[in-house]
Amino acid sequence: LHKAIRRQRQMCIRDRNKNMTEAKGMTTITCEMDSMELCVWKERHLERACSGDEWIFREKEKEPEGIRVNFDVEHAYEIFECLDRYWGDFNSCPDSETMGRVAKRWELKYGLKLEKLSHDTLTFQCDRQISKKEAAEIAEETAELCAEIVNGKGNQQIETISGTGRITLWWD
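For clarity, every value in this text was computed on a predicted model and none was experimentally measured.

Chemist: Can you help me understand the overall build of the protein in this one?
Modeler: The helix and strand inventory of the protein stands at seven helices and seven strands. From first element to last, N terminus to C terminus, the protein shows the α and β order α-β-α-β-α-β-α-α-β-β-α-β-α-β. Buried residues in the protein amount to 44% of all 172 residues. Sequence-distant contacts in the protein: of pairs separated by 6 or more residues, those separated by 24 or more amount to 68%. Entry remark: accessible area of the protein is about 10,100 Å², with carbon and sulfur atoms responsible for 46%.

In structure tokens form, the structure reads like this:
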């Protein structure tokens, strides 16, 4: 069973350099390699797919490396299954399983899809206009996740979320 699970995770991730025809049907997001856990995940799961590339872990003072990753999943919320224990579950940040459930609910209910992640931030984007009522619901759920919304302060957050269709969450 362990070998089957490991193989499934390996199959979850495809080469970031594939052309768009090959990547069709995959979900692509930007992953910022800004923590040791994500760098370990990249080394373990992207090594074969990205052979020939030189992977460098950068010092904290420098800009983190942002790479585009094609995940062999139908929905962006399924990416958390691929990340497993390599994302979340520190301080007040939810674990990847919990965040996967929230991301699924947000994608199905509001059309918000995971677009970018780092070890302590997640950015979701919606292709449609989000109502102020929906934005207020999202902001309320965010508080339950112990996350801060980077998009503005207080009531401005609701305006920004409904106006841009984007929300970025951050955990300290």
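Chemist: How should the packing of aromatic side chains be read in this particular structure?
Modeler: Each pair of aromatic rings is reported with the distance of its centres and the angle of its planes. All told, the structure shown has three aromatic pairs when counted by the stated rule. Ring centres of phenylalanine 80 and tryptophan 87 lie 5.4 Å apart, and the angle between their planes is 70 degrees; on these two criteria the pair is classed as edge-to-face. The same class applies to phenylalanine 80 and to tryptophan 87, which are both buried. Geometrically, the ring pair formed by tryptophan 106 and phenylalanine 124 is edge-to-face, given 5.2 Å between the ring centres and 75 degrees between the ring planes. Taken together, the residues tryptophan 106 in helix H5 (residues 96-110) and phenylalanine 124 in strand E5 (residues 121-126) connect sequence positions 18 residues apart.

Chemist: Help me understand H5 in this model?
Modeler: Owing to its 3.6 residues per turn, the α-helix brings residues three or four apart onto one side. Across its 15 residues, H5 extends 20 Å between first and last C-alpha, which sits within 8% of the 21 Å expected from 1.5 Å per residue. Of all the positions in H5, only Ser96, Met99, Gly100, Val102, Ala103, Trp106, Glu107 and Tyr110 are classed as buried. For H5, the buried positions fall inside an angular range of 165 degrees around the axis, keeping them on one side. In H5, the exposed positions that point more than 90 degrees away from the buried face belong to Glu97 and Leu108. In this fold, the buried residues of H5 make contact with helix H4 (79-83), strand E4 (112-117), E5, helix H6 (132-144) and strand E7 (166-170).

Parameters at a glance
- Residues numbered from 1 in each chain as written.
- Predicted model: local features only at pLDDT ≥ 70, side-chain atom pairs only at ≥ 80, totals over all residues.
- Heavy atoms only, no water.
- Helix = DSSP H or I, 4+ residues; strand = E, 2+ residues; numbered from the N terminus.
- Buried < 20%, exposed > 50% of the residue type's maximum accessible area, 1.4 Å probe, protein only.
- Contact = heavy atoms within 4.5 Å.
- Areas by Shrake-Rupley, 256 points an atom, 1.4 Å probe, with all protein chains shown as cover.
- Phe/Tyr/Trp six-rings, centres within 6.5 Å; stacked < 30°, edge-to-face > 60°.
- Expected span 1.5 Å × (residues − 1).
- Arc of directions from axis to C-beta.

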